[in-house]
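Listed below, chain by chain, are the residues.
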Amino acid sequence: MQNRQKNQVFNFDKFPNFEKDIDLKQRAWIEVKGEEIEINVRHLRSQLSKNCQFMAVVKADGYGHDAKLVSEYAIKGGASQLGVATLNEGMKLRSSGVEKPILILGNLYTKRDLIICFKNDLMPTISSIRECLICNNIGKQFGLKFPLHLKVDTGMSRLGFEYNKFVQQFENIKSFDNISIEGIYSHLSSADEPNSLDPKSITQLQRQKFQELLKQINVDRNKNIKIHLANSAGMLLDKNFHFHMVRVGLSMYGYKPLSKLNKDLLLKPALSLKVKVAFIRTIDKGVSVSYGGKFVSNRKTKLAVLSIGYADGVPRNLSGKINVIYNNKFYPQVGSITMDQMMVDITDSNEIKVGSTMVLLGSDGDKSISPLEWARKSNTIPWEILCSFKNRLPKVQVG
Ligand SMILES: *Cc1c(COP(=O)(O)O)cnc(C)c1O
């Protein structure tokens, strides 16, 4: 014991054992409604062309929602495959009991990692002959076929076989006996840009290139190979992007990547971000608030100190730009957001108390605040907002 005086004897039996069920809602937390994920997946699937499958993309801990929880409800909603970014994410999902096919969207390049991938019943994304050969050797070693997806680059310049060489390389790959090609795919770079329905847009060009390639390798004859191209935005553009499967992240969580399109699409945000009021103080007119004194009160002001900050994943550059909801009313956040706390002007409220719960993201009554709004205000994209939330925020399932 470091903080207590030496030689002092404490009898802890006098205190209840509160530690054994720690309050997850002690300061700030994320609430996830699994049913909303399920409803979103069903709704999105109803927009798909016939027989098109739905891969639920649950990388980055299910976009900050908890990958296991999201997977469970996405599967209930009819998702037939799961997509993760890393080997570890895949292994965690497998060991949590998920039984659907899992594709690793990132690149594995060592024999060691590919063996782990194979043993854990995960599928790698293959972007070169070299890695394809490693998989074939592993398959041979185990006397089995190594299931994998091949990826082709059609304009993203990230992963994927070089477009112009793929047809020839595919001829070679077809002769590998110990791999099983489960899918061929590509990835759209700009489907969420406003011009993506324009015939000359990068997105349409990527689709044309992909289709041209499929024609050349005559892949239709092999019905077991799943062809896929679309992310959320691609899927929502039109059915020409659907092929045999879509890989959907953002819109499954309840957000439209393109606000203009799909006016009748009803997606339900599954995530809320909530926080407790840890302290309340009143300051006079003309008093500065938080680091740098960027905010100075122009009246006698009641402040609520919320126990959440940028170390929890709230972007610091939202300082002074956001509202927080309590009981169907907005209250402005004021002063710089600090690492662990932020202040809110609650002068107009008599009902907010220490220990009250306020809503940073999500809805309360008819008021709501979306990660799309945070993204716009902090000059980033909703994807980044969602996957910035830190482990310090417990995830609580509700509903
Ligand atoms: C993340 C990711 C997706 C999902 O993208 P959303 O825009 O969130 O739907 C699909 N495919 C790949 C390869 C990805 O990395």
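Residues numbered from 1 in each chain as written. Predicted model: local features only at pLDDT ≥ 70, side-chain atom pairs only at ≥ 80, totals over all residues. Heavy atoms only, no water.

## Let's talk about the overall build of the protein chain
- Scanning the protein chain from N- to C-terminus turns up 11 helices and 19 strands.
- Along the longest, intermediate and shortest principal axes, the C-alpha atoms of the protein chain span 75 × 60 × 35 Å.
- The burial tally for the protein chain puts 49% of its 399 residues in the buried class.
- Within the protein chain, residue pairs in contact and separated by at least 24 positions form 66% of the contacts whose partners lie at least 6 positions apart.
- Summing over all exposed atoms, the protein chain offers an accessible surface of approximately 20,200 Å²; the carbon and sulfur share of this is 49%.
- Positive and negative side-chain charges in the protein chain, numbering 57 and 38 respectively, have mean positions lying 1 Å apart. (Helix = DSSP H or I, 4+ residues; strand = E, 2+ residues; numbered from the N terminus. Buried < 20%, exposed > 50% of the residue type's maximum accessible area, 1.4 Å probe, protein only. Contact = heavy atoms within 4.5 Å. Areas by Shrake-Rupley, 256 points an atom, 1.4 Å probe, with all protein chains shown as cover. Lys, Arg positive; Asp, Glu negative; His and termini not counted. Charge placed at Lys NZ, Arg CZ, Asp CG, Glu CD.)

## Considering the side chain of T338
- Within the fold, T338 resides in the loop between β15 (329-334) and β16 (342-345).
- Relative accessible area serves as the criterion here: at 10%, T338 is assigned to the buried category.
- Only 2.6 Å separates the side chain of T338 from the backbone oxygen of Q341, close enough to count as a polar contact.
- Ignoring any residue separated from it by four or fewer positions in sequence, one finds T338 in contact with S290, Y291, G309 and Y310. (Polar contact = N/O pair within 3.5 Å; in protein donor to acceptor, adjacent residues only side chain to side chain.)

## Brief notes about the pattern of salt bridges
- Overall, the coordinates contain 17 salt bridges when judged by the stated rule.
- In this structure, the salt-bridge partner of D340 is R392, at a minimum N-O distance of 2.9 Å. In this pair, D340 sits in the loop between β15 and β16 while R392 sits in the loop between α11 (382-386) and β19 (395-398), placing the two residues 52 residues apart along the sequence.
- The exposure class assigned to D340 is partly exposed, which follows from its relative accessible area of 28%.
- Across the pair E373 and K377 runs a salt bridge whose closest N-O atoms are separated by 3.0 Å. On the criterion of helical spacing, the pair formed by E373 and K377 is a turn pair, its members being four residues apart in helix α10 (residues 371-377).
- Through salt bridges with shared partners, one network takes in R27, D312, D340 and R392. (Salt bridge = Lys/Arg side-chain N within 4 Å of Asp/Glu carboxyl O.)

## Quick look at the nonpolar core
- Formed by 113 residues in total, the largest nonpolar core has its most connected members in L150, M252, M358 and W374.
- Here this core gathers at least three residues from each of two domains, domain 1 (33-253) and domain 2 (271-398).
- Ignoring anything within four residues of it in the chain, the contact list for W374 reads L273, V314, P315, L318, I322, L360, L361, I369, I385 and F389.
- Among the nonpolar cores identified, the runner-up in size contains six residues, and I283, V289, L303 and V334 belong to it. (Core = buried A, V, L, I, M, F, W, Y, C linked by side-chain atoms within 4.5 Å. Domains from an automatic or database assignment.)

## Concerning the packing of aromatic side chains
- The tally for this structure, following the rule as stated, stands at six aromatic pairs.
- On the numbers, 4.6 Å between centres and 20° between planes, the contact of Y63 with Y253 is stacked. A residue pair is termed long-range when its members are at least 10 positions apart, and Y63 in helix α2 (residues 59-64) and Y253 in the loop between β9 (245-248) and β10 (271-283) qualify at 190 residues.
- Here Y253 falls in the buried class, since its relative accessible area comes to 0%.
- Aromatic side chains F118 and F142 sit 5.4 Å apart centroid to centroid with 55° between the ring planes, which places their arrangement in the tilted category. Linking F118 in helix α5 (residues 111-119) with F142 in helix α6 (residues 129-142), this pair joins segments that are 24 residues apart in sequence.
- Of the residues examined, F142 reaches a relative accessible area of 39% and is grouped as partly exposed.
- Members of the aromatic cluster, connected to one another through ring pairs, are F118, F142 and F146. (Phe/Tyr/Trp six-rings, centres within 6.5 Å; stacked < 30°, edge-to-face > 60°.)

## Looking at the domain arrangement of the protein chain
- Domain annotation for the protein chain reports domain 1 (33-253) and domain 2 (271-398).
- Inter-centroid distance (C-alpha atoms) of domain 1 to domain 2 is 38 Å.
- The junction of domain 1 with domain 2 conceals about 1,100 Å² of combined surface from both sides, 63% of it contributed by carbon and sulfur atoms.
- Here domain 1 is connected to domain 2 by one salt bridge.
- Note that D61 and K395 form a salt bridge whose closest N and O atoms lie 2.5 Å from each other.
- The interface formed by domain 1 and domain 2 contains two residue pairs in polar contact (both at pLDDT 80 or more).
- Of all elements in the fold, only α1 (34-45), α2 and α3 (67-76) reach the threshold of two or more residues within the side of domain 1 that touches domain 2. (Buried area = accessible area lost by both parts, 1.4 Å probe.)

## Describing the site of the ligand
- Around the ligand sit 13 residues, and of these K59, Y63, S232, R247 and G249 come closest.
- R247 places a polar side-chain atom, nitrogen or oxygen, 2.8 Å from a nitrogen atom of the ligand.
- Protein coverage of the free-state accessible area of the ligand, which is 380 Å², stands at 93%.
- Residue classes in the shell around the ligand are distributed as six nonpolar, four polar and three charged. (Near = heavy atom within 4 Å. Nonpolar A, V, L, I, M, F, W, Y, C, P; charged D, E, K, R; others polar.)

## Things to note about the side chain of N40
- Inspection of the secondary structure assignment puts N40 in helix α1.
- Other than its neighbours up to four places away in sequence, N40 contacts S251, M252, Y253, G254, L266, L267 and K268.

## So, the pairing of β16
- Burial along β16 is two-sided: M342 and V344 and M343 and D345, pointing in opposite directions, are all buried.
- As defined by bridge partners, strand β13 (residues 301-306) adjoins β16 across four bridges and the pair is classed as antiparallel. Along β16, the bridge assignment pairs L303 with D345.
- Pairing of β15 with β16, which is carried by two bridges, proceeds in the antiparallel orientation. Within β16, the residue paired with V334 across the bridge is M343. (Pairing = 2+ DSSP bridges.)

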